[in-house]
Amino acid sequence: MNQKLGIIGAPITIAQPNMGVDLGPDAIRHADLVERLKNLKITINDYGNVSVPMTGTNQIDPETSLKNLNEVSQGNENIAEKVKEIKSKGDFPLILGGDHSIAIGTIAGLHHHYQNMGVIWYDAHPDLNTGQISPSGNIHGMSLAASIGIGHDRLINLGGKGPKVDPKNVVIIGARSIDEGEKEIIRENGIKVFTMHDIDRLGMDYVMKNSIEYLEEQTDGVHLSLDVDGIDPAHTPGTGTPVEGGPSYRETRYAMQLLHESDLLTSVEVVEVNPLLDNQNKTAEVAVDMLTTLFGEKYL
Ligand SMILES: NC(=[NH2+])NCCC[C@H](N)C(=O)O
Ligand SMILES: [Mn+2]
Ligand SMILES: [Mn+2]
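A quick note: this is a predicted structure, and the numbers were derived from the prediction, not measured.

(A) Inspection of the side chain of Asp 232 at higher detail. Note that Asp 232 resides in the loop between strand 7 (222-227) and helix 10 (249-262). Here Asp 232 sits buried without a salt bridge, and the closest side chain of opposite charge, Arg 176, lies 5.5 Å off (N-O distance). Residues within four places of Asp 232 in sequence aside, it is in contact with Arg 176, Glu 244, Gly 245, Gly 246 and Pro 247.

Next comes the structure, spelled out in structure tokens:
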């Protein structure tokens, strides 16, 4: 991870119901992201925010059982284009969300550059819903499903036809809120999941080393999709769907340290920071601590 870094803000907010996730990219920038990364002697290009539709009807469409499908798809097409473009320039893409639907766009954009891409999904939720099984109709709970080719055609074929990631190349870490339909998708597709119980039983050290080894063997690039609600809400209160009982700040920071040492990652995104639900920008600051650790910041 010694290349130049390209930062993109991806402020989609209408794939979930809370106002304010669109402010995530700027909250993260205000938490000194660029300054801290520059201290690590990393070259940085901040491309600003991608333009995305900010409003929709917010109603569940009876035909698709989805909310704001057209607008979320359009925003993600724009994100996919931008990610593809900066990756072509040789930048290491760092995408700042936005709600987690942006993963559909980032992964689609990255897909153009890899044959067999892997994804680490650090999240309280697996985001493996579809319109048919979702309890909410919110597309931010469907992004991983879309990326592996499950769900609405418009989402699956976004930024290029068909699935973007083989479900065997996905590792979900920190899951503790899994809807019934998602459990089935996990089983049917053989997706590797470390729930919180697994992390408690095995320890974060084992979980991360095992995940890294697993993905190293079979992929030609690995994207980290870091949902801040993956971390325990004691540390990241500024997010729309917090779930108690997550990995601590320390465990997560250690996970990022191991990822840094492994040199496995080829792109990163951080999502679901919502400054309107936050406490003095704490969640964005925690997100920045995780990102700088990932890029080599050390305690000593
Ligand atoms: N990216 C997220 N925070 N997703 C939360 C999803 C919550 C719930 N499983 C749903 O589909 O509505
Ligand atoms: Mn998520
Ligand atoms: Mn989540």
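(B) The arrangement of the nonpolar core in detail. By size, the foremost hydrophobic cluster in this structure holds 48 residues, and its most contacted members are Leu 94 and Leu 224. With 7 residues, the single largest contributor to this core is helix 11 (residues 282-294). Dropping the residues within four chain positions of it, Leu 224 is found in contact with Ile 120, Tyr 122, Met 256, Leu 259, Leu 265, Ser 267, Val 268, Glu 269 and Leu 294. Ranked by size, the runner-up nonpolar core spans 41 residues in total, among them Val 52, Leu 128, Ala 175 and Val 271.

(C) Summary view of the environment of Val 165. With respect to the secondary-structure elements, Val 165 resides in the loop between helix 6 (153-156) and strand 5 (170-175). Note: C-alpha distance between Val 165 and Phe 92 (73 residues apart in sequence) is 19 Å. Residues contacting Val 165, with those up to four places away along its chain left out, are Ile 107, Met 117, Val 119, Ser 147, Ile 148 and Val 170.

(D) The arrangement of the site of ligand 1 in detail. Around ligand 1 lies a shell formed by His 100, His 125, Asp 127, Asn 129, Ser 136, His 140, Gly 141, Asp 179, Asp 227, Asp 229, Thr 241 and Glu 272. Between an oxygen atom of ligand 1 and a side-chain N or O atom of Asn 129, the distance comes to 2.9 Å. At 2.9 Å, a side-chain N or O of Thr 241 approaches a nitrogen atom of ligand 1. For ligand 1, the protein covers 93% of the area, taking 350 Å² as the surface of the free molecule. Comparing atom positions with the cavity grids shows ligand 1 to sit within the largest pocket.

(E) Structural detail: the coordination of the manganese ion (ligand 2). Each protein donor to the manganese ion (ligand 2) is listed here as His 100 (ND1), Asp 123 (OD), Asp 127 (OD) and Asp 227 (OD); together their distances run 2.0 to 2.2 Å. Sequence positions of the donors to the manganese ion (ligand 2) reduce to the motif H-x22-D-x3-D-x99-D. Separating the manganese ion (ligand 2) and the manganese ion (ligand 3) is a distance of 3.1 Å, and Asp 123 donates to both of them. As far as the burial class goes, Asp 123 and Asp 127 line up, both buried.

(F) Broad picture of the coordination of the manganese ion (ligand 3). Every protein donor of the manganese ion (ligand 3) is accounted for by Asp 123 (OD), His 125 (ND1), Asp 227 (OD), Asp 229 (OD) and Asp 229 (OD), and the metal-donor separations fall at 2.1 to 2.4 Å. Mapping the donors of the manganese ion (ligand 3) onto the primary sequence gives the spacing D-x1-H-x101-D-x1-D. On the basis of relative accessibility, which here comes to 0%, the residue Asp 123 falls in the buried class.

(G) Looking closely at empty space enclosed by the protein. Using the criterion set out here, one finds 1 cavity of 30 Å³ or more in the structure. Lining the largest cavity are Ile 104, Ala 108, Ala 146, Ser 147, Leu 155, Ile 156, Leu 158 and Lys 164. Elements with a contribution of two residues or more to the lining of the largest cavity: helix 4 (102-111), helix 5 (143-147) and helix 6. Counted by class, the lining of the largest cavity contains 6 nonpolar, 1 polar and 1 charged residues.

(H) Summary view of the packing of helix 9 (residues 204-218) against helix 10. Close contact between helix 9 and helix 10 brings their axes to 10 Å; oriented N to C, the two are set at 35 degrees. You can see that helix 9 and helix 10 cross each other, and the crossing is right-handed. Between helix 9, through Met 204, Asp 205, Met 208, Lys 209, Ile 212 and Glu 216, and helix 10, the contact on the second element is made entirely by Glu 251, Tyr 254, Ala 255, Leu 258, Leu 259 and Ser 262. Considered class by class, the residues forming the contact of helix 9 with helix 10 number 7 nonpolar, 1 polar and 4 charged.

(I) Layout of the packing of helix 3 (residues 69-88) against helix 4. The interhelical angle for the contact between helix 3 and helix 4, taken along N-to-C directions, is 35 degrees, at an axis separation of 7 Å. The interaxial crossing formed by helix 3 with helix 4 has right-handed handedness. Residues Asn 76, Ile 79, Ala 80, Val 83, Lys 84 and Lys 87 of helix 3 form the contact with helix 4, whose own contacting residues are Ile 102, Ile 104, Gly 105, Thr 106, Ala 108, Gly 109 and Leu 110. Of the residues belonging to the contact of helix 3 with helix 4, the class tally is 7 nonpolar, 4 polar and 2 charged.

Rules behind the numbers
Residues numbered from 1 in each chain as written. Chains lettered and ligands numbered in written order. Predicted model: local features only at pLDDT ≥ 70, side-chain atom pairs only at ≥ 80, totals over all residues. Heavy atoms only, no water. Helix = DSSP H or I, 4+ residues; strand = E, 2+ residues; numbered from the N terminus. Buried < 20%, exposed > 50% of the residue type's maximum accessible area, 1.4 Å probe, protein only. Lys, Arg positive; Asp, Glu negative; His and termini not counted. Salt bridge = Lys/Arg side-chain N within 4 Å of Asp/Glu carboxyl O. Contact = heavy atoms within 4.5 Å. Core = buried A, V, L, I, M, F, W, Y, C linked by side-chain atoms within 4.5 Å. Near = heavy atom within 4 Å. Polar contact = N/O pair within 3.5 Å; in protein donor to acceptor, adjacent residues only side chain to side chain. Areas by Shrake-Rupley, 256 points an atom, 1.4 Å probe, with all protein chains shown as cover. 1 Å grid on protein atoms, 1.4 Å probe; cavity = no way out; pocket = protein on both sides within 12 Å on 5 of 7 lines; lining within 4 Å. Sits in = over half its atoms within 2 Å of the grid points. Donors = N, O, S within 2.8 Å, 3.2 Å for Na, K, Ca; no water. Points joined across faces, edges and corners; volume = space filled by probe spheres on them. Nonpolar A, V, L, I, M, F, W, Y, C, P; charged D, E, K, R; others polar. Axes fitted to C-alpha atoms, helices over the stretch in contact; angles between N-to-C directions. Left-handed = near helix turned anticlockwise from the far one by under 90°.

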